[in-house]
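As a plain string of letters, each chain reads:
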Amino acid sequence: MTPLFAPAPPADLSAWLKDRFIPRWVARTCPPGLRGYVEEIPTTAHGQPRPSEHTTMVTGRLVYTFSMAYQFDGSPQTLRGAEHGLAFLLDSCRLSSGHFAHRVGRDGQVIDPRGDLYDTAFVLLALGGYSAATGRTAGLAVAQEIAARLDSDWLDPLGGYRDPAGAGLLRLQYPQMHLFEACQMLAAVDPGGGWLERAERIVDLAARLVDGQGAIDEWYGPRWDALAPEKRQREIGHHFEWAWLLFVYATKTGSKSALQLARRLFNFGRNAAGIAATGPDQTIPNAIDARGHLTSASRPLWPTIELAKASLALATMDENADHDALALRSFGIVLSQMDRSSDLWVNEIDSNELSLNSSLPARSLYHILPCLIFFSNSKYFGNHPEKASILQPFRGR
């Protein structure tokens, strides 16, 4: 595939982020007079943002993303972007102690009160991320309200945590993954809050779910049992997300079993995507079945972003030229999908290499912006690799 845009990074990656990309996306998602974030941004030259309903998941994602961005650039505008969403999250999405809505209208009225575990994970990530970026701890009391629910109503003796919205007969693994992410974030700012213990509980579940090949399914039965082979679905991107989070956890705790699990997930994802030793030559596929066959011809951008993050973590842990090459090549593919004149990106392409995007989901910033920050501060581009390290991303001020 011919890169759509220049795969080389800007001459000064940090300056581009601080001067252009971050302020432009804060402005796009936080227009004057709007409560909450704009969740879809049109890609046409004359398109205008279309404020509509707000979801707790996207609100939490963007609060966390802009908090990380503020920790990176120190800009008051970026901080206002994080606080804009945090106010909406606490004033409109929060229903009662430990309970958040799933979907809220433009006027702040609740449309769907059934917040699920996926929503809850990003609420916690937002609260922890904002506290880490600002040093302000008031939101940690709200996180502890959710913790009380996790430790009682939602605690699952079969492993991990139950979905407060009810998951029916099937269970998803990736809300557990994002809850694992949030627990690590909160452990950094509230070390006495029991968050690392909750994270360990999810690691134990993941170790049971990952099979001998290093694969993890998307859906499981009610007792975390594997589905029939013809019903099993996998996403390559989630293998790289799990791997990165487990690399971080292993670095923090010294867990050799978590490190081994991360490597198994990483290697499976790499093999499933058909990534050569030198790295990918295009954005990677995502959806596969239990036999490893593609179930969709589209290639969303986010799995390649998660490959770049996990590869950077591996290269940071191991002084290995192959890992360096994989990290840099993956990052180059990410950049090849970004138009630095507009700071938009190609969110997904189909098998004919045609863009499928008439608008961009702002939720993708959760993948994109941390990746750009990690590489900006890495040994490849940064002067301060200890800042926002890929292996120590969850830290307080």
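Placed above this text is the structure.
Here goes a summary of the coordinates provided.

What counts and how
Residues numbered from 1 in each chain as written. Predicted model: local features only at pLDDT ≥ 70, side-chain atom pairs only at ≥ 80, totals over all residues. Heavy atoms only, no water. Helix = DSSP H or I, 4+ residues; strand = E, 2+ residues; numbered from the N terminus. Rg over C-alpha atoms; globule rule 2.2 N^0.38 Å. Buried < 20%, exposed > 50% of the residue type's maximum accessible area, 1.4 Å probe, protein only. Contact = heavy atoms within 4.5 Å. Areas by Shrake-Rupley, 256 points an atom, 1.4 Å probe, with all protein chains shown as cover. 1 Å grid on protein atoms, 1.4 Å probe; cavity = no way out; pocket = protein on both sides within 12 Å on 5 of 7 lines; lining within 4 Å. Points joined across faces, edges and corners; volume = space filled by probe spheres on them. Nonpolar A, V, L, I, M, F, W, Y, C, P; charged D, E, K, R; others polar. Expected span 1.5 Å × (residues − 1). Arc of directions from axis to C-beta. Pairing = 2+ DSSP bridges. Core = buried A, V, L, I, M, F, W, Y, C linked by side-chain atoms within 4.5 Å. Axes fitted to C-alpha atoms, helices over the stretch in contact; angles between N-to-C directions. Parallel < 35°, antiparallel > 145°, perpendicular 65-115°, else oblique. Left-handed = near helix turned anticlockwise from the far one by under 90°.

### Regarding the overall build of the protein
Here's step 1: Looking only at helices and strands, the protein has 12 helices and 15 strands in total.
Here's step 2: Taken over the C-alpha trace, the protein has a radius of gyration of 20 Å; the compact-globule value for 397 residues is 21 Å, and the two agree within 12%.
Here's step 3: Principal-axis analysis of the C-alpha atoms places the extent of the protein at approximately 50 × 50 × 40 Å.
Here's step 4: In the protein, buried positions account for 57% of the 397 residues.
Here's step 5: Looking at the protein alone, contacts between residues at least 24 apart form 69% of all its contacts between residues at least 6 apart.
Here's step 6: Of the roughly 15700 Å² that the protein leaves accessible, carbon and sulfur atoms contribute 49%.

### Here's the deal with the layout of surface pockets
One water molecule sets the probe size; rolling that probe over the atoms shows where empty space is left.
Here's step 1: The computed volume of the largest pocket comes to approximately 450 Å³.
Here's step 2: Around the largest pocket, the lining comprises 25 residues; the ones closest to its centre are Arg61, Tyr118, Trp302, Arg363 and His367.
Here's step 3: Residue assignment for the lining of the largest pocket shows that the elements contributing at least two residues are helix 2 (56-73), helix 6 (174-189), strand 9 (233-235), helix 8 (236-253), helix 10 (302-317) and helix 12 (365-376).
Here's step 4: A breakdown of the residues in the lining of the largest pocket according to their chemical character gives 12 nonpolar, 7 polar and 6 charged.

### Things to note about helix 7 (residues 195-209)
Here's step 1: Along its 15 residues, helix 7 runs 21 Å from first to last C-alpha, staying within 8% of the 21 Å computed at 1.5 Å per residue.
Here's step 2: When we look at burial in helix 7, the residues that qualify are Trp195, Arg198, Ala199, Ile202, Val203, Leu205, Ala206 and Leu209. The arc that holds the buried residues of helix 7, viewed along the axis, is 165°, so those residues lie on one side.
Here's step 3: Tucked into the core, helix 7 has its buried residues touching helix 4 (117-134), helix 5 (139-150), helix 6, strand 8 (219-220), helix 8 and helix 9 (256-272).

### Considerations on empty space enclosed by the protein
Here's step 1: Applying the stated rule across the entire model yields 2 cavities of 30 Å³ or more.
Here's step 2: One number sums up the size of the largest cavity: a volume of about 60 Å³.
Here's step 3: Lining the largest cavity are Tyr64, Ser67, Met68, Gln71, Gly129, Ala132, Met185, Pro393, Phe394 and Arg395.
Here's step 4: Going through the elements one at a time, helix 2 and helix 4 are the ones with two or more residues in the lining of the largest cavity.

### Thoughts on the environment of Asp112
Here's step 1: Following the sequence through the fold, Asp112 ends up in strand 6 (residues 110-112).
Here's step 2: Exposure remark for Asp112: the relative accessible area of 11% places this residue in the buried category.
Here's step 3: Sequence spacing of Asp112 and Ala148 is 36 residues, and the spatial spacing of their C-alpha atoms is 23 Å.
Here's step 4: Asp112 has contacts with Ala101, His102 and Arg103, leaving out every residue within four places of it along the chain.

### Some points on the sheet that holds strand 5 (residues 103-104)
Here's step 1: With antiparallel pairing, the 3 strands of this open sheet are ordered in space as 2-5-6. One side of each edge strand has no neighbouring strand; the edge strands of this open sheet are strand 2 (54-55) and strand 6.
Here's step 2: Here strand 5 runs beside strand 6; their pairing, made up of 2 bridges, is antiparallel. Residue pairing for strand 6: Arg103 is matched across the bridge by Asp112.

### Thoughts on the nonpolar core
Here's step 1: With 125 residues, the main nonpolar core has Leu17 and Phe21 as its most contacted residues.
Here's step 2: Per-element tally for this core: the top contributor is helix 4, with 12 residues.
Here's step 3: Apart from residues lying up to four places away in sequence, Phe21 is in contact with Trp16, Met338, Asp343, Trp345, Leu365, Ile368, Leu369 and Leu372.

### Quick look at the packing of helix 3 (residues 76-93) against helix 4
Here's step 1: In contact at an axis separation of 11 Å, helix 3 and helix 4 are set at 140° when each is read in the N-to-C sense. Comparing their axes, helix 4 and helix 3 come out oblique. Relative to helix 4, helix 3 is oriented so that their crossing is left-handed. Here Leu79, Glu83, Leu86, Leu89 and Leu90 of helix 3 come into contact with helix 4, specifically with Val123, Ala126, Leu127, Tyr130 and Thr134.
Here's step 2: Along the lines of polarity and charge, the residues of the contact of helix 3 with helix 4 split into 8 nonpolar, 1 polar and 1 charged.

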